[in-house]
Protein chains: 2
Amino acid sequence: MNTAVRQPYAKGVRRTEEILSATREMLIHEGAEALTMRRVAAKLDMSLSNLQHYFTTKETLINALVDAQYEDYVAGLDERVEPGQTPEEQLGAFAQYISDDYQTDEGSILIWELWAFTGRNAYVADTVNKAHESERRIVRKIIGQISPNDSKSQLETKATVITSMFEGVGLFVAPGRPQAKSRKAVTEQLKAAAIAIARA
Amino acid sequence: MNTAVRQPYAKGVRRTEEILSATREMLIHEGAEALTMRRVAAKLDMSLSNLQHYFTTKETLINALVDAQYEDYVAGLDERVEPGQTPEEQLGAFAQYISDDYQTDEGSILIWELWAFTGRNAYVADTVNKAHESERRIVRKIIGQISPNDSKSQLETKATVITSMFEGVGLFVAPGRPQAKSRKAVTEQLKAAAIAIARA
């Protein structure tokens with residue numbers, strides 16, 4: 001085992017993770033207004049040029065953060081939505097997962113910050129769009145089993161509105177939001193609504 | 001008519017509108033990162049202290065912008081959703097209105113910027129929460145006519161998930177978003193889904 005080769009690589013991965021983590025914290029606690037390459041570097045006791053060695057611009061950094069967040073999100077989803085479940089159970093597990101995810105800062109505050117970036121930067125928008133498309137495709141696959149006679153385009157639009165509902169519900173059930181106290185009932189309604197849309 | 005009294009008042013209103021408009025433009029085209037009181041003042045050839053006479057801090061300015069945006073939004077909604085329509089038609093008109101609104105920069109980019117602010121500032125969050133609650137109450141009132149036997153809490157949670165769907169769908173149908181080309185079909189599905197949830 002050639003540790004002389006492996007170590008610099010591992011160090012680079014660790015450093016990249018530290019940079020993403022610092023960026024995530026800064027976005028959650030201070031918002032996009034406070035986020036500059038210089039401040040991220042300072043937080044990690046790095047020089048700006050060393051940070052730029054990992055991420056040339058703030059946009060590439062944000063883009064990598066979007067990728068990392070949605071990768072974590074899909075990994076978490078894969079754990080909850082399993083092939084052994086009925087499609088209705090899968091849809092329910094997805095709704096529960098998203099409702100739980102909104103209870104974290106990463107799943108609420110950070111996600112809204114990243115959505116705002118999509119209006120400012122086409123590169124970030126493209127990455128977020130791809131992530132939403134992946135999410136929508138998972139929904140489409142599940143509801144195709146619930147309504148096997150639906151046309152492809154019917155399944156596409158149903159999957160869009162179900163995914164929209166999943167994306168929008170955080171505005172109501174995340175901590176401090178108007179329906180946070182009714183989260184349990186809202187989550188059950190979310191599951192029932194997703195199934196009703198799939199069957200309609 | 002005492003124009004000596006009226007004019008300063010009118011001037012103040014006009015100035016306030018100019019400030020909100022400049023803030024709106026800056027958020028849409030440059031994002032929260034670029035928004036400072038100093039830059040808003042400069043854009044309007046005002047001194048910073050004069051701007052602060054209207055809005056003491058950036059947070060009060062953003063808050064006033066949230067208020068103005070949602071006031072415009074509800075006014076537009078009132079024009080589309082009319083008492084003479086059946087509740088299903090009202091729900092459909094609401095879905096159509098929101099889908100159309102996402103075609104504007106104010107209804108998409110600006111709204112996402114304002115959502116991001118809610119994670120940074122409790123005052124702005126409170127104003128956005130109130131606006132979302134107003135929207136949800138309009139939906140609840142409509143669906144109460146569709147499912148008159150539902151309990152109050154059932155109507156509450158149904159209204160939450162329908163409103164969530166309306167809020168989230170912009171991520172898919174706004175210009176440049178993955179389902180922008182299928183907006184018409186998605187909007188029809190949105191109407192059908194809202195009715196299916198109300199009846200479920």
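The model shown is predicted, which means the values in this text are computed figures rather than measured ones. (Residues numbered from 1 in each chain as written. Chains lettered and ligands numbered in written order. Predicted model: local features only at pLDDT ≥ 70, side-chain atom pairs only at ≥ 80, totals over all residues. Heavy atoms only, no water.)

A. Up close: the nonpolar core. Residues Met165 and Phe166 of chain A together with Met165 and Phe166 of chain B are the most contacted members of the largest nonpolar core, which totals 127 residues. Per element, the largest residue contribution to this core is nine residues, and it comes from helix α4 (residues 58-80) of chain B. Setting aside residues no more than four positions away along its own chain, Met165 of chain B makes contact with Val161, Ser164, Met165 and Ile197 of chain A together with Leu190, Ala193, Ala194 and Ile197 of chain B. (Core = buried A, V, L, I, M, F, W, Y, C linked by side-chain atoms within 4.5 Å. Buried < 20%, exposed > 50% of the residue type's maximum accessible area, 1.4 Å probe, protein only. Helix = DSSP H or I, 4+ residues; strand = E, 2+ residues; numbered from the N terminus. Contact = heavy atoms within 4.5 Å.)

B. Summary view of the pattern of salt bridges. Residue and element names in this part refer to chain A. Evaluation of the coordinates by the stated rule reveals 30 salt bridges over all chains. Its salt-bridge partner being Asp100, residue Arg183 comes within 3.0 Å of it at the nearest N-O pair. Here Asp100 lies in helix α5 (residues 87-101) and Arg183 lies in helix α10 (residues 183-199), a separation of 83 residues in the sequence. Connected via shared salt-bridge partners are Glu133, Arg136, Arg140, Lys152 and Glu156. (Salt bridge = Lys/Arg side-chain N within 4 Å of Asp/Glu carboxyl O.)

C. Quick peek at the packing of α10 of chain A against helix α10 (residues 183-199) of chain B. Put simply, α10 of chain A and α10 of chain B touch, their axes get as near as 9 Å, and they point 125° apart. By the angle between their directions, the pair α10 of chain A and α10 of chain B is classed as oblique. In this structure, α10 of chain A meets α10 of chain B at a crossing whose hand is right-handed. Side by side, α10 of chain A and α10 of chain B meet where Gln189, Ala193, Ala196 and Ile197 of chain A of the first sit next to Gln189, Ala193, Ala196 and Ile197 of chain B of the second. Among the residues making up the contact of α10 of chain A with α10 of chain B, the classes are represented as six nonpolar, two polar and no charged. (Axes fitted to C-alpha atoms, helices over the stretch in contact; angles between N-to-C directions. Parallel < 35°, antiparallel > 145°, perpendicular 65-115°, else oblique. Left-handed = near helix turned anticlockwise from the far one by under 90°. Nonpolar A, V, L, I, M, F, W, Y, C, P; charged D, E, K, R; others polar.)

D. Quick look at the interface of chain A and chain B. Taken together, the contacts link 45 residues of chain A with 45 residues of chain B. Buried surface at the junction of chain A and chain B, both sides included, amounts to about 3,800 Å², of which 65% is carbon and sulfur. Interface area lost by chain A to chain B is led by Glu33, Phe172 and Gln189 of chain A, which between them contribute 17%. The closest approach of N and O atoms between Arg120 of chain A and Glu33 of chain B, which form a salt bridge, is 2.9 Å. On the surface where chain A and chain B come into contact, there are 14 residue pairs in polar contact (both at pLDDT 80 or more). At the level of secondary structure, the elements contributing two or more residues to the side of chain A that touches chain B comprise α1 (3-30), α6 (109-118), α7 (122-146), α8 (152-168), α9 (170-173) and α10 of chain A. Looking at the side of chain A that touches chain B element by element, the count peaks at ten residues for α8 of chain A. (Buried area = accessible area lost by both parts, 1.4 Å probe. Polar contact = N/O pair within 3.5 Å; in protein donor to acceptor, adjacent residues only side chain to side chain.)

E. Up close: α10 of chain B. Across its 17 residues, α10 of chain B extends 24 Å between first and last C-alpha, which sits within 8% of the 24 Å expected from 1.5 Å per residue. Where α10 of chain B is concerned, the buried positions are Val186, Thr187, Gln189, Leu190, Lys191, Ala193, Ala194, Ile195, Ala196, Ile197 and Ala198 of chain B. Contacts from the buried residues of α10 of chain B go to α8 and α10 of chain A together with α5 (87-101), α7 (122-146), α8 (152-168) and α9 (170-173) of chain B. (Expected span 1.5 Å × (residues − 1).)

F. Spotlight on the relation of the copies chain A and chain B. When chain A is fitted to chain B, the best match, at an RMSD of 0.0 Å, comes from turning it 180° and sliding it 0.0 Å along the axis. What the rotation and shift describe, once combined, is the action of a two-fold rotation axis. Most of the interface of chain A is mirrored in chain B, where 100% of its interface residues are also at the interface. (Least-squares fit on C-alpha atoms with pLDDT ≥ 70 in both.)

G. Here's a closer look at a negative patch on the surface. Residues and elements named next belong to chain A. There is a patch of like negative charges on the surface, built from Glu25, Asp67, Glu71, Asp72, Asp105 and Glu106. Here the negative patch takes three residues from helix α4 (residues 58-80), the largest share from any one element. Residue position: Asp67 is located in helix α4. Look at Asp67 and you get partly exposed, because its relative accessible area is 45%. (Patch = residues over 30% accessible without salt bridge, like charges linked within 9 Å, V, L, I, M, F, W, Y side chains within 5 Å. Areas by Shrake-Rupley, 256 points an atom, 1.4 Å probe, with all protein chains shown as cover. Lys, Arg positive; Asp, Glu negative; His and termini not counted. Charge placed at Lys NZ, Arg CZ, Asp CG, Glu CD.)

H. Quick peek at the environment of Thr187 of chain B. Residues and elements named next belong to chain B. Here Thr187 is to be found in helix α10. The sequence separation of Thr187 and Gln96 amounts to 91 residues, and the corresponding C-alpha distance is 6.4 Å. Not counting residues up to four positions away in its chain, the partners in contact with Thr187 are Ala95, Gln96 and Ser99.

I. Inspection of the domain arrangement of chain A at higher detail. Residues and elements named next belong to chain A. Segmentation of chain A into domains returns domain 1 (1-56) and domain 2 (63-199). One C-alpha centre belongs to domain 1, the other to domain 2; they are set 29 Å apart. Contact with domain 1, which involves ten residues of that partner, is made by twelve residues of domain 2. When the buried area of domain 1 at its contact with domain 2 is split by residue, Arg24, Leu27 and Ile28 rank highest and sum to 59% of it. Summed over the shared surface of domain 1 and domain 2, the result is zero salt bridges. Within the side of domain 1 that touches domain 2, the residues separate by chemical class into six nonpolar, three polar and one charged. (Domains from an automatic or database assignment.)

J. Quick look at unusual backbone geometry. All names here are of chain A. With a phi angle near 55°, Asp45 is a residue other than glycine that sits in the positive phi range. As for its position among the elements, Asp45 is in the loop between α2 (37-43) and α3 (48-54). Assessed through its relative accessible area of 73%, Asp45 is described here as exposed.

K. Structural context of the side chain of Asp150 of chain A. All names here are of chain A. Examined against the element boundaries, Asp150 turns out to sit in the loop between α7 and α8. One polar contact links Asp150 to Lys158, side chain to side chain, over a distance of 2.6 Å. Here Asp150 is in contact with Leu155, Lys158 and Ala198, once residues within four sequence places are set aside.

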